[in-house]
Amino acid sequence: MEAIDTRTAHLHVRKDRLHSDIVDKGVLLQGQVGTMCALEYLKGHGIGIDVIQRVLTGPECRRKVS
């Protein structure tokens, strides 16, 4: 397994699959029930405000998933 240099790691790298799933669900909620509900869901699950703002602003601001 390759070591990650935490001194140069990107600040917005998702921490793990759980956080990724939470963010994905928040984006889906935004489309289904609106931005405020998605915002509250993401905040309630410990997602940082910088990430929330980026993902709820629009698809052009979201990170590409490889």
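The present account deals with the structure reproduced in this document. (Residues numbered from 1 in each chain as written. Predicted model: local features only at pLDDT ≥ 70, side-chain atom pairs only at ≥ 80, totals over all residues. Heavy atoms only, no water.)

Concerning the overall build of the chain
A tally of helices and strands in the chain yields three helices and zero strands. Its helices and strands in sequence order give the chain the pattern α-α-α, from N to C terminus. Buried positions account for 26% of the 66 residues belonging to the chain. The contacts in the chain between residues at least 6 apart in sequence include a share of 38% that link residues at least 24 apart. (Helix = DSSP H or I, 4+ residues; strand = E, 2+ residues; numbered from the N terminus. Buried < 20%, exposed > 50% of the residue type's maximum accessible area, 1.4 Å probe, protein only. Contact = heavy atoms within 4.5 Å.)

Quick word on helix α1 (residues 17–33)
Across its 17 residues, α1 extends 24 Å between first and last C-alpha, which sits within 8% of the 24 Å expected from 1.5 Å per residue. Among all positions of α1, only S20, I22, V23, G26, L29 and Q30 are buried. One or two positions beyond α1, positive phi appears at G34, with a value near 110°. (Expected span 1.5 Å × (residues − 1).)

With respect to helix α3 (residues 49–57)
Among the residues making up α3, those that are buried are V51, I52, R54, V55 and L56. Next to the buried residues of α3 lie α1 and α2 (35–44). Looking one or two residues beyond α3, the residue adopting positive phi is G58, at roughly 160°.

Looking at the packing of α1 against α3
Here α1 crosses α3 at 45°, and the two axes come no closer than 10 Å. Between α1 and α3, the crossing angle belongs to the class labelled oblique. α1 and α3 meet at a crossing whose hand is right-handed. The residues of α3 that touch α1, namely those facing V23, G26, V27 and Q30, are V51, V55 and L56. Across the contact of α1 with α3, the residue classes tally to five nonpolar, two polar and no charged. (Axes fitted to C-alpha atoms, helices over the stretch in contact; angles between N-to-C directions. Parallel < 35°, antiparallel > 145°, perpendicular 65-115°, else oblique. Left-handed = near helix turned anticlockwise from the far one by under 90°. Nonpolar A, V, L, I, M, F, W, Y, C, P; charged D, E, K, R; others polar.)

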